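# Coordinate analysis (summary)
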Amino acid sequence: DWRNPINADIGTTILQEIANGFAPNNTADDMTLPPVSFIDTNFLLDAVWDSAPDWSHFPKETSQMEARFLVSEILKEDF
């Protein structure tokens, strides 16, 4: 089974690098790319990674906490 903390961290790092490549002020082929933000939720999930039976789908309380954080980050963005 590939769902373990080490692989999750590697996947997160790869996604963060991809998002950083699309950050504002980066250009490709003279076209301005849309802003993309990476929202790091590791500080929320690292402590409870083993609470999910499959190490992937967290219990309702954890999922709600993460969703609330994501919504607050999205709504505070200055567009």
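The notes below deal with the structure included here.

Reading guide: rules and limits
- Residues numbered from 1 in each chain as written.
- Predicted model: local features only at pLDDT ≥ 70, side-chain atom pairs only at ≥ 80, totals over all residues.
- Heavy atoms only, no water.
- Helix = DSSP H or I, 4+ residues; strand = E, 2+ residues; numbered from the N terminus.
- Areas by Shrake-Rupley, 256 points an atom, 1.4 Å probe, with all protein chains shown as cover.
- Expected span 1.5 Å × (residues − 1).
- Buried < 20%, exposed > 50% of the residue type's maximum accessible area, 1.4 Å probe, protein only.
- Arc of directions from axis to C-beta.
- Core = buried A, V, L, I, M, F, W, Y, C linked by side-chain atoms within 4.5 Å.
- Contact = heavy atoms within 4.5 Å.
- Salt bridge = Lys/Arg side-chain N within 4 Å of Asp/Glu carboxyl O.
- Phe/Tyr/Trp six-rings, centres within 6.5 Å; stacked < 30°, edge-to-face > 60°.

### Thoughts on the overall build of the chain
Assigned secondary structure in the chain consists of 3 helices and 2 strands. Taken from N to C terminus, the helices and strands of the chain fall in the order α-β-β-α-α. Split by element, the accessible area of the chain, about 6,300 Å² in all, is 58% carbon and sulfur.

### Here we look at helix 3 (residues 60–76)
Helix length check: helix 3, at 17 residues, gives a terminal C-alpha distance of 24 Å against a target of 24 Å (1.5 Å per residue), a fit within 8%. Among the residues of helix 3, those classed as buried are Thr62, Phe69 and Glu73. Mapping the buried residues of helix 3 onto a view down its axis gives an arc of 35°, with all of them on the same face. Looking at helix 3, the residues exposed on the side facing more than 90 degrees away from the buried face are Lys60, Glu61, Arg68 and Leu75.

### A closer look at the nonpolar core
Formed by Leu44, Leu45, Ala52, Phe58 and Phe69, the largest nonpolar core amounts to 5 residues. Residues within four places of Phe58 in sequence aside, it is in contact with Leu45, Val48, Trp49, Ser51, Ala52 and Ser63.

### Digging into the pattern of salt bridges
Oppositely charged side chains may form a pair once their charged atoms are brought near each other. On inspection of all chains with the given rule, the structure shows 1 salt bridge. With a closest N to O distance of 3.1 Å, Lys76 and Glu73 form a salt bridge. Within this pair, Lys76 and its partner Glu73 are both found in helix 3, separated by 3 residues, close to a single helical turn. Classification of Lys76 by relative accessible area gives exposed; the value is 57%.

### Side note on the packing of aromatic side chains
All chains considered together, the criterion is met by 1 aromatic pair. Pairing Phe43 with Phe69 gives two aromatic rings, centres 5.1 Å apart and planes at 80°, and the pair type is edge-to-face. One end of the pair, Phe43, is in helix 2 (residues 42–45); the other, Phe69, is in helix 3, with 26 residues separating them in the sequence.

### Some thoughts on the environment of Ala52
For Ala52, the position within the fold is in the loop between helix 2 and helix 3. Through-space distance from the C-alpha of Ala52 to that of Thr62 is 9.3 Å; in sequence the pair is 10 residues apart. When residues no more than four places from it in sequence are discounted, the contact partners of Ala52 are His57, Phe58 and Pro59.

### Concerning the environment of Pro59
Take Pro59: it is sitting in the loop between helix 2 and helix 3. In this structure the C-alpha to C-alpha distance between Pro59 and Val48, which are 11 residues apart in sequence, comes to 9.7 Å. Excluding its chain neighbours within four sequence positions, the residues that come into contact with Pro59 are Ser51 and Ala52.

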